[in-house]
Amino acid sequence: MKRPTDRRTVLMTVGAAAVAAAASSVAAQSTDIRGAVAFESGAVIPKGHLEIYLEDTAVRDSARRRATETRIKSDGGSKAIAFSLTAPGSLGVSRTLRIVARLERADGWLVARGSTPLKAGEPVRVTLNPVMY
């Protein structure tokens with residue numbers, strides 16, 4: 001003979017399901033990567049478009065190498081520019097991940113570039129170094 005389901009069993013089951021759903025949604029949320037970009041020697045960042053992206057150096061396919069990116073316009077009057085990237089949930093912090101920043105003029109010429117490894121829980125600081133042609 002089958003025992004009837006009592007109220008306590010139903011409430012425990014619903015509570016366990018709610019806790020599991022909340023835990024999986026928190027784990028699925030991506031974390032933000034925050035940092036700042038500065039020019040070498042503390043100089044003013046020149047006018048142009050700043051492209052900042054998360055790159056996995058272990059991936060050989062150039063189309064999949066960039067995980068996430070953002071573009072910020074530099075007005076030519078700031079010594080540091082803050083940024084925020086949303087890290088994809090599929091990537092964990094590893095030694096092959098780095099943040100890359102590229103500064104290009106309006107005509108597309110590369111002015112400066114810099115990169116730094118990504119470290120878990122630390123703010124990122126990328127130093128732009130001028131490009132010599």
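Note that the structure is predicted; figures quoted are calculated from it, not measured.

A. Quick peek at the pairing of strand β2 (residues 48–56). Counting buried positions along β2 gives eight out of nine residues, so the element sits mostly inside the fold. Where β2 lies against strand β3 (residues 66–74), eight bridges are found, and the strand directions are antiparallel. From the neighbouring strand, I52 faces β3, where its bridge partner is T70.

B. Seen up close, the environment of R105. For R105, the position within the fold is in the loop between β5 (97–104) and β6 (110–117). Of the residues examined, R105 reaches a relative accessible area of 40% and is grouped as partly exposed. Among residues more than four places away in sequence, those in contact with R105 are G48 and V111.

C. Expanded view of the confidence of the model for the protein. For the protein, the mean per-residue pLDDT works out to 78, and 68% of the residues sit at or above 70. Within the model, the stretch residues 24–30 combines pLDDT values under 50 with three contacts to residues more than four positions away or in other chains.

D. How the structure looks around the side chain of T68. Topologically, T68 is positioned in strand β3. Classification of T68 as buried rests on a relative accessible area of 16%. At 3.3 Å, the side chain of T68 forms a polar contact with the backbone oxygen of T86.

E. The environment of L85, seen in detail. Within the fold, L85 resides in strand β4 (residues 80–86). L85 sits 32 residues away from Y53 along the chain, and the two C-alpha atoms are 7.7 Å apart. Setting aside its immediate chain neighbours within four residues, L85 contacts T31, D32, I33, I52, Y53, L54, T68, E69, T70 and I99.

F. Local environment of the pattern of salt bridges. By the definition in use, this model includes five salt bridges. The residue R105 makes a salt bridge to D107 at a minimum N-O spacing of 2.8 Å.

G. Fine view of the sheet that holds β2. The seven strands lie next to each other as β3-β2-β5-β6-β7-β1-β4, forming an open sheet whose pairing is mixed. What marks the edges here is a single partner per strand, and that holds for β3 and β4. Averaged over all adjacent pairs, the angle separating strand axes in this sheet is 25°, with direction ignored. As judged from the seven bridges shared by β5 and β6, these two strands associate in the antiparallel manner. From the neighbouring strand, E104 faces β6, where its bridge partner is L110.

Calculation rules
- Residues numbered from 1 in each chain as written.
- Predicted model: local features only at pLDDT ≥ 70, side-chain atom pairs only at ≥ 80, totals over all residues.
- Heavy atoms only, no water.
- Buried < 20%, exposed > 50% of the residue type's maximum accessible area, 1.4 Å probe, protein only.
- Helix = DSSP H or I, 4+ residues; strand = E, 2+ residues; numbered from the N terminus.
- Pairing = 2+ DSSP bridges.
- Contact = heavy atoms within 4.5 Å.
- pLDDT = per-residue confidence, 0-100.
- Polar contact = N/O pair within 3.5 Å; in protein donor to acceptor, adjacent residues only side chain to side chain.
- Salt bridge = Lys/Arg side-chain N within 4 Å of Asp/Glu carboxyl O.
- Axes fitted to C-alpha atoms, helices over the stretch in contact; angles between N-to-C directions.

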